[in-house]
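Chain by chain, the residues run as shown.
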Amino acid sequence: MLAAAWREHAPASPIATLVAGMVSDPVPAPTSADVERTADGLVLVVDEVRTRAPRARIVLVDYLTAISDRTVAGRDVPFPAADLTQARRIQAALREAHLVAADRSGAELLSASSLSETHALGDPAPWVFGFFTDLDRIGASFHPNAEGMAAVAEGLRELLG
């Protein structure tokens, strides 16, 4: 998915060819075992924080929604419909892993995925960047923009009250 998008939209250069070769295609569908491993890893992090800071208030924050049912392929999202479906599955698995980890560890959860359900790519005011083709910014692709980070900060402010 990413390698194909990179090849289609990135400028031709030796670096672009190298990056396209480093990105795997296709991304496998997440399994329940993947969700369990991710949740277990998050619980280990919470446990370690509790060991180092026993009085800390621990809040897990999941990911902002990047791809929704309203997201369509285009320049900001250069993936075919099947890849968008796969991205939604991955988002759902990450959301589930955070819910499971919060439940198992007793940590609080700020569900950024819920806060941003109407701010995915394709919505009027997305809280994540689309796909960047230039090497200086490609790493920011599908990551929170200023509005998304402000929304997460406000959600934390309200939660921590």
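Refer to the preceding data block for the structure.
The model shown is predicted, which means the values in this text are computed figures rather than measured ones. For every chain, the first residue of the written sequence is number 1, and numbering continues from 1 onward in sequence order. Per-residue local features are limited, in this predicted model, to residues with pLDDT of at least 70; the limit for side-chain atom pairs, both in listing and counting, is 80 or more; totals at the level of whole chains, interfaces and linings are taken over all residues. Heavy atoms from the whole structure form the basis of all side-chain values; hydrogens and water molecules are not counted.

1. Notes on the side chain of S116
The criterion, for reference: The way it works is that DSSP assigns letters per residue, a run of H or I at least four long becomes a helix, a run of E at least two long becomes a strand, and they are numbered from the N terminus. Each polar contact in these results corresponds to two N or O atoms within 3.5 Å; when the atoms are within protein, one needs to be able to donate a hydrogen and the other to accept it, and residues that are neighboring in sequence are counted only if both atoms are side-chain atoms. Here, two residues are considered to be in contact whenever any of their heavy atoms come within 4.5 Å of each other.
The topology assignment puts S116 in the loop between helix 5 (112-115) and helix 6 (146-160). A polar contact is formed between the side chain of S116 and the backbone oxygen of S113, at a distance of 3.4 Å. Once residues within four sequence positions are removed from consideration, S116 is found in contact with L64, T65 and W127.

2. Description of the pattern of salt bridges
Quick note on the threshold: A side-chain nitrogen of Lys or Arg and a carboxyl oxygen of Asp or Glu constitute a salt bridge if their distance falls within 4 Å.
Considering all chains together, one arrives at 10 salt bridges under this definition. For R37, the salt bridge goes to D34, with nearest N and O atoms at 2.3 Å. Taken together, the residues R37 and D34, both in helix 3 (residues 32-52) and 3 residues apart, mark about one turn of the helix. Between R70 and D123 there is a salt bridge, with its nearest N and O atoms 2.5 Å apart. Placement of the pair is R70 in the loop between strand 1 (59-61) and helix 4 (81-105) and D123 in the loop between helix 5 and helix 6, with a sequence separation of 53 residues.

3. Focus on the nonpolar core
We apply this condition: Put simply, buried Ala, Val, Leu, Ile, Met, Phe, Trp, Tyr and Cys residues joined by side-chain atoms within 4.5 Å make one nonpolar core. Relative accessible area decides the class of each residue, using a 1.4 Å probe on protein chains only: under 20% of the type maximum gives buried, over 50% gives exposed, and in between gives partly exposed.
L64, I67, V77, L84, L121, V128 and V152 are the most contacted members of the largest nonpolar core, which has 14 residues in total. At the level of secondary structure, the elements contributing two or more residues to this core comprise helix 4 and helix 6. L121 has contacts with A66, I67, S68, R70, T71, D76, V77, P126, V128, F129, G130 and F142, leaving out every residue within four places of it along the chain. Grouped together as the second largest cluster of nonpolar side chains are 13 residues, V43, I58, A97 and A102 included.

4. Brief notes about helix 6
Operational definition: To estimate the expected span of a helix, subtract one from its residue number and multiply by 1.5 Å. In this description, one arc is meant: the one made by directions from the helix axis to the C-beta atoms.
For helix 6, which comprises 15 residues, the first-to-last C-alpha distance of 21 Å matches the rise-based estimate of 21 Å (1.5 Å per residue) to within 8%. All buried positions along helix 6 are accounted for by G148, A151, V152 and G155. The buried side chains of helix 6 occupy one side of the element, clustering within an arc of 100 degrees when seen end-on. The exposed set on the far side of helix 6, more than 90 degrees from its buried face, consists of A146 and R157. Those residues of helix 6 that are buried are in contact with strand 1, strand 2 (108-110) and helix 5. Residue N145 occupies the N-cap position of helix 6, its side-chain oxygen lying 3.1 Å from the main-chain nitrogen of E147. Taken from the residues just after helix 6, G161 is the one with a positive phi, measuring 30 degrees.

5. A closer look at unusual backbone geometry
Phi angles above zero are rare outside glycine, and F142 is one such case at about 65 degrees. Along the chain, F142 falls in the loop between helix 5 and helix 6. Residue classification places F142 among the partly exposed positions, given a relative accessible area of 22%.

6. Focus: helix 3
With 21 residues, helix 3 should reach 30 Å at 1.5 Å per residue; the first-to-last C-alpha distance of 30 Å fits that figure. Of all the residues in helix 3, the buried ones are V35, A39, L42, V43 and V46. An end-on view of helix 3 places all buried positions within 105 degrees of arc, on one side of the element. Exposed residues lying more than 90 degrees from the buried face of helix 3 are R37, L44, V45, T51 and R52. Where helix 3 is buried, its residues contact strand 1 and helix 4.

7. Notes on the packing of helix 3 against helix 4
The condition that has to hold: Structural elements are reduced to axes, namely lines fitted to C-alpha atoms, with helices fitted over the stretch in contact, and the angle between N-to-C directions of any two is expressed from 0 to 180 degrees. In these notes the angle categories are as follows: under 35 degrees is roughly parallel, over 145 is roughly antiparallel, 65 to 115 is roughly perpendicular, and the rest is oblique. The crossing is said to be left-handed when, going from far helix to near helix, the turn is anticlockwise and less than a right angle, and right-handed when the turn is clockwise. The nonpolar class holds Ala, Val, Leu, Ile, Met, Phe, Trp, Tyr, Cys and Pro. Asp, Glu, Lys and Arg form the charged class, and all remaining residues, Gly among them, are polar.
Close contact between helix 3 and helix 4 brings their axes to 8 Å; oriented N to C, the two are set at 40 degrees. Here helix 3 is positioned oblique relative to helix 4, judged by the angle of their axes. In this structure, the crossing between helix 3 and helix 4 has a hand that is right-handed. Contact with helix 3, carried on its side by V35, E36, T38, A39, D40, L42, V43, V46 and R50, involves A93, E96, A97, H98, V100, A101, R104 and S105 of helix 4 and no other residues of that element. Here the contact of helix 3 with helix 4 is built from residues that sort into 9 nonpolar, 3 polar and 5 charged.

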